[in-house]
Amino acid sequence: MDATTVTAAGADAGSAPDERDLLVQRTLFSGPRRWVNDDLYSRIVRGVVRRTRAELHLDAGAVVDTNTYFGRFEASYWQRWTTVTSLTVRVAVESEGRLDVLVRASDIGSHVRTVDVFHHQGDGMAVLHVPVDTFVDGGAMWLEFHAVDAEATVSEVTWGVTTTRPARRAAVAICTFNRADDCAATVDSLASDPLVADLIDDLYVTDQGTDLVETREAFQRAAGEFGDRLHYLRQPNLGGAGGFSRGMFEATAPGSAGPVDVLLMDDDVRVEPETVLRLFAFAAVTREPMLVGAQMLYLFNPDYLLVSAERTQLDQLEGGLDADEFALRDESVVENRQERRVDAEYNAWWSCLVPGEAVERVGLPLPYFFQWDDIEYGLRCRQAGMPTCTLQGAAVWHADFYWKDGDDFGQFFSMRNSLTTAAIRQGIDPRAMATNLGRSVLRAVVAMQYGLAATRMRGIEAFLDGPDGAHGVGDGGQAALAAIRAERAGYPETARLAVDALPAGITVERKVGIPREDREDQVLAKRLLVQKLGRQRGGVVAIPYEDAAWWHVSLFDEVYVTDASQTGVHHRKVDPQRVTELQKRLIALLARFIREAPAAQERWREAQARLTTRENWARLYGV
């Protein structure tokens, strides 16, 4: 069933809207590549079974179900957010005997029931009609296949609906900076599935680097598939915010035909093409325009889910928090099922669909360069009446976050942009926030991460200086990026050293115990005092990255800490002069923050309208 096949011809003006069939999901039985676990798609319950991407071959007596991450139809999300009330499931069958096709369902408590059964004899098409009506709080539906008395082959399994909603244009926007091979592979993956490739009306690739994606064979191959639907754009490096915004800018240009959905996607993800189909299908039938996000599975651990859905705590400048205490996080989705519907505040832009109506209503993203651009935009849309759904069963694979070291230039943007987001979207209590900021900087100081402490303070200063300051957003972040990188070069511990920098015979020190949360400030004060008095443990030690908590590292006066990437180490050593310098700077900065934060907050709020316009972004793009 094609995604846009019209099934009822239109009549005269004023008659009922035309109906069309909409393909919302395919049941696939294995992954797009061999490194993907097929159990994410189908589960062999009994007997001899051979699985391919599109077909299932069962010996007599075999049983297979699709109660799996990609195999389930996430009914709770569809009932909550869309106009869909029923589905038609079609299954092509080849068999000399009987094949039973069952639609099974779960609820929030993981109780399983049978919704419909089709006893199919011989070759042909099994068709089942199932309601989507009892899943508000949780639960999903899936298929179960029983080859009763003969071999059987199952293929072309589709879940579809009939809708009178007009078709929407489907655009994909990818931005990249010197990840040419990764980006080319992502574009090629989209082209690899003919149905999905045909679904995409426009594909925008914004290249902000010097190692150009267009030089790669995989990209050229995909360009041949997409033809003039592929738009390759060059512009200055404006970070993720600038790259993604360019795709939104182009897709929603004045005069564009009809409503559009823009799927933002990182350049280095490994794509499950089915996810693209599911996101666009879901967005096509939501009751009102809303953001629809995909989940993130780990690249190095492809069965593991990062987080079910995310929320913020702006008074603590925290994002990426679990939206629900019962949600799956850092767990295998082969072994676990997320039955409870979990509502998100926002979805990260590793893969997130933004309706064109969002741009019309709230403008384009803020020119943050990167970090918190997706969070701020999601919250802005939410406050304007356009929520976000992080759709279960739709995911891409992305580099595992715990392999990324947190001590880098990005901490400047994270600090400046999180403060700005908190100021604009919620409001800041200057004294309470100053306490949080001081804690963040002092933890870096006590852990001998002096460059990190300086970087965070520079982010606080940039917030106070406002959008037009030296480290503001007037140029999209390019000057700030250069300045922060240059400043960090003066802090030796920020450099990643080769593994052979580790002294021979060095002792590895693992952390023992974790301070109680309500006593962490006391521990911090104690560690600072011990360092001031020079009473840490002497002698150089090595500390694995997972043990490098500030309260553990600060017990020693010289350490080698493994970089999160596991490709090198960082050498940290107590520097009393640096400590004194940074603490004096922090005291003055926090006093300034308490005085000036209210005025800075108003400047950022007033600037939002002009910073998010097409005119401002066109200036930054140079078009």
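Please read all numbers here as calculations on a predicted model, not as lab measurements. Per chain, residues are indexed from 1 in the order of the written sequence. In view of the model being predicted, local features appear only for residues whose pLDDT reaches at least 70, and side-chain atom pairs are presented and counted only at 80 or more, with totals across whole chains, interfaces and linings using the full set of residues. By convention in this description, side-chain values take in all heavy atoms of the structure and omit both hydrogens and water.

Peer 1: Sorry if this is basic, but what is going on with the overall build of the chain here?
Peer 2: Of regular secondary structure, the chain possesses 16 helices and 27 strands. For 623 residues, the compact-globule formula gives about 25 Å, and the C-alpha radius of gyration of the chain, at 27 Å, lands near that figure. Overall, the C-alpha framework of the chain stretches about 85 × 60 × 45 Å when taken along its three principal axes. To sort residues, take the accessible area from a 1.4 Å probe on protein chains only and compare it with the maximum for the residue type: under 20% means buried, over 50% means exposed, and anything in between is partly exposed. For the chain, the proportion of its 623 residues judged to be buried stands at 58%. In the chain, once contacts between residues fewer than 6 apart in sequence are set aside, the share between residues at least 24 apart is 76%. Methods summary: accessible areas were calculated by the Shrake-Rupley approach with a probe of 1.4 Å, and residue burial reflects only the protein chains presented. Accessible area of the chain: about 24,900 Å², with a carbon and sulfur share of 49%. The charge count includes Lys and Arg as positive and Asp and Glu as negative, but it does not include His or the ends of the chains. Working definition for charges: the position is that of NZ of Lys, CZ of Arg, CG of Asp or CD of Glu. Looking at the chain, you have 67 positive and 90 negative side-chain charges, and the mean spots of the two groups are 7 Å apart. The way it works is that DSSP assigns letters per residue, a run of H or I at least four long becomes a helix, a run of E at least two long becomes a strand, and they are numbered from the N terminus. When we talk radius of gyration, it's over C-alpha atoms, and the globule rule is simply 2.2 Å times the number of residues to the 0.38. We call two residues contacting when some pair of their heavy atoms lies within 4.5 Å.

Peer 1: Explanation requested: unusual backbone geometry in the structure shown.
Peer 2: In terms of backbone geometry, most residues other than glycine have negative phi values and most peptide bonds are trans. For Glu156, which is not glycine, the phi dihedral falls at a positive 50 degrees. In this fold, Glu156 is placed in strand β12 (residues 152–163). The exposure class of Glu156 is exposed, given its relative accessible area of 56%. Despite not being glycine, Phe369 shows a phi value in the positive range, around 75 degrees. Relative accessible area serves as the criterion here: at 5%, Phe369 is assigned to the buried category.

Peer 1: Mind showing me how you'd approach empty space enclosed by the protein here?
Peer 2: Gaps left between atoms are located by rolling a probe of water-molecule size over the structure's atoms. Cavities and pockets were defined on a 1 Å grid built over protein atoms only: a cavity is a set of grid points that admits a 1.4 Å probe from which the probe cannot escape, a pocket is an open set flanked by protein on both sides within 12 Å along at least five of seven lines, and lining residues are those with an atom within 4 Å of any such point. Grid points are joined across faces, edges and corners, and a volume is the space filled by probe spheres set on the points. Going through the model one piece at a time under the given rule, you end up with four cavities of 30 Å³ or more. In this structure, the largest cavity encloses a volume near 60 Å³. Lining the largest cavity are Tyr69, Arg72, Glu74, Leu328, Val333, Asn336, Arg337, Gln338 and Gln392. The classification used treats Ala, Val, Leu, Ile, Met, Phe, Trp, Tyr, Cys and Pro as nonpolar, Asp, Glu, Lys and Arg as charged, and all other residues, Gly among them, as polar. The class makeup of the residues in the lining of the largest cavity is three nonpolar, three polar and three charged.

Peer 1: Help me understand the sheet that holds strand β24 (residues 507–508) in this model?
Peer 2: Whether parallel or antiparallel, the strands of a sheet pair through hydrogen bonds between backbone atoms. A pair of strands is treated as paired once DSSP finds two or more bridges between them. A sheet is described by the order of its strands in space; here four strands give the open sequence β24-β25-β26-β27, paired in mixed fashion. Two strands lie at the open edges of the sheet, namely β24 and β27 (569–573), each paired on one side alone. Relative to strand β25 (residues 541–543), β24 is paired through two bridges, and the arrangement is parallel. Bridged to Val508 within β25 is Ala542.

Peer 1: Before we go on, may I ask you to explain the packing of aromatic side chains in this structure?
Peer 2: The geometry of an aromatic ring pair is captured by two quantities: the separation of the ring centres and the angle between the planes. Each aromatic pair joins two rings of Phe, Tyr and Trp (for Trp, the six-membered one) with centres within 6.5 Å, and gets the label stacked for planes under 30 degrees apart, edge-to-face for over 60, and tilted for any other angle. Taken as a whole and assessed by the stated rule, the structure comprises 23 aromatic pairs. Ring centres 5.0 Å apart and planes at 80 degrees place the aromatic pair Phe300 and Trp403 in the edge-to-face group. A residue pair is termed long-range when its members are at least 10 positions apart, and Phe300 in the loop between β17 (291–298) and β18 (304–307) and Trp403 in the loop between β23 (388–398) and α9 (410–425) qualify at 103 residues. You can call Trp403 partly exposed: its relative accessible area is 31%. Judged by centre distance (5.0 Å) and plane angle (80 degrees), the rings of Phe412 and Phe413 are edge-to-face. The residues Phe412 and Phe413 share a single accessibility class, namely buried. One aromatic cluster is present, built from ring pairs that chain together Trp35, Tyr41, Tyr69, Phe70 and Trp397. Sitting over the ring of Tyr621, Arg246 keeps its end group 4.9 Å from the ring centre. Over the aromatic face of Phe409 sits the side chain of Arg485, whose NZ or CZ is 4.6 Å from the ring centroid. Criterion for a charge above a ring: Lys NZ or Arg CZ within 6 Å of the ring centre, and within 35 degrees of the ring normal.

Peer 1: What is the right way to read the packing of helix α10 (residues 430–446) against helix α13 (residues 520–533) from this model?
Peer 2: The relative placement of two packed helices comes down to the angle between their axes together with the axis-to-axis distance. Only C-alpha atoms enter the line fits that serve as axes; for helices the fit covers just the stretch in contact. Angles between N-to-C directions range over 0 to 180 degrees. Contact geometry of α10 with α13 gives a least axis separation of 10 Å together with a crossing angle of 40 degrees. The orientation of α10 relative to α13 falls into the category oblique. Along this stretch, α10 crosses α13, giving a crossing that reads as left-handed. Of α13, the residues touching α10 (which contributes Arg439, Leu442, Arg443, Val445 and Val446) are Glu520, Asp521, Leu524, Arg527, Leu528 and Gln531. Tallied by class, the residues present in the contact of α10 with α13 amount to five nonpolar, one polar and five charged. When an angle is under 35 degrees it counts as roughly parallel; over 145 it counts as roughly antiparallel; between 65 and 115 it counts as roughly perpendicular; any other value is oblique. Two helices that cross are described as forming a left-handed crossing if the nearer one is turned anticlockwise from the farther one by less than a right angle, and a right-handed crossing if clockwise.

Peer 1: What should I look at first to understand helix α16 (residues 614–621) in this one?
Peer 2: Residues that lie three or four places apart on an α-helix share one face, since the helix turns once every 3.6 residues. Residues of α16 that are buried: Asn616, Trp617, Ala618, Leu620 and Tyr621. Packed against the buried residues of α16 are α5 (239–251) and α15 (576–611). Trailing α16 by a residue or two, Gly622 shows a phi angle of about 80 degrees, which is positive.

Peer 1: Sorry if this is basic, but what is going on with the confidence of the model for the chain here?
Peer 2: It should be kept in mind that the predicted coordinates are not to be read in detail where pLDDT is low. Averaged over all residues, the pLDDT of the chain is 95; the fraction at 70 or higher stands at 97%. Across residues 1–11, confidence stays below pLDDT 50; counting only partners more than four residues off in sequence or on other chains, it has 28 contacts. In predicted models, pLDDT denotes the confidence assigned by the predictor to each residue on a 0 to 100 scale.

Peer 1: I'm lost on the sheet that holds strand β11 (residues 141–147) in this one. Help?
Peer 2: The five strands lie next to each other as β3-β6-β11-β8-β9, forming an open sheet whose pairing is antiparallel. With one partner strand each, in any of the chains shown, β3 (43–46) and β9 (112–121) form the two edges of the open sheet. Ignoring strand direction, the axes of neighbouring strands in this sheet form an average angle of 20 degrees. Two strands pair when backbone bridges link them, and strand β8 (residues 98–106) and β9 are joined in this way by nine bridges, in the antiparallel orientation. Residue pairing for β9: Leu102 is matched across the bridge by Val117.

Peer 1: What is the right way to look at the pattern of salt bridges in this model?
Peer 2: Where side chains of opposite charge bring their charged atoms close, a pairing between them can arise. We define a salt bridge as a contact between a side-chain nitrogen of Lys or Arg and a carboxyl oxygen of Asp or Glu at a distance within 4 Å. Inspection of the entire model under this criterion finds 41 salt bridges. As a salt-bridge pair, Arg179 and Asp267 come within 3.4 Å of each other at their nearest N and O atoms. Separated by 88 residues along the polypeptide, Arg179 in the loop between β13 (169–176) and α2 (180–192) and Asp267 in the loop between β16 (260–266) and α6 (273–284) bring together distant segments of the chain. Judged by its relative accessible area of 38%, Arg179 is partly exposed. Overall, Asp267 belongs to the buried group, its relative accessible area being 5%. Here the residues in one salt-bridge network are Arg26, Asp193, Glu274 and Arg278, joined through shared partners.

Peer 1: Teacher, can you tell me more about the environment of Gln25 here?
Peer 2: Structurally, the position occupied by Gln25 is in strand β2 (residues 19–27). The contact partners of Gln25, leaving out residues within four places of it in the chain, are Phe70, Gly71, Arg72, Phe73, Val157, Thr158, Trp159, Glu274, Leu277 and Arg278. Whenever two N or O atoms come within 3.5 Å, that pair is a polar contact, provided that in protein one can donate a hydrogen and the other can accept it, and provided that, for residues adjacent in sequence, both atoms are side-chain atoms. At 2.9 Å, the side chain of Gln25 and the backbone oxygen of Arg72 are in polar contact.

Peer 1: Please clarify how the nonpolar core should be interpreted in this entry.
Peer 2: We call a set of buried residues a nonpolar core when its members are Ala, Val, Leu, Ile, Met, Phe, Trp, Tyr or Cys and they connect through side-chain atoms within 4.5 Å of each other. In terms of nonpolar packing, the biggest core is built from 89 residues, with Leu87, Val91, Met141, Phe145 and Leu203 touching the most fellow members. Sort the elements by how many residues they give to this core and α6 lands first, with eight residues. In this structure, Leu317, Met415, Leu464 and Ala548 belong to the second largest nonpolar core, which totals 59 residues.

Peer 1: Just to check I follow, could you spell out helix α8 (residues 373–383) for this structure?
Peer 2: Burial within α8 is extensive, with nine of its eleven residues counted as buried. Every buried residue belonging to α8 is among Asp373, Asp374, Ile375, Glu376, Tyr377, Gly378, Leu379, Arg380 and Cys381, and all of these are buried. Positive phi appears at Gly385, one or two residues downstream of α8, with a value of about 95 degrees.

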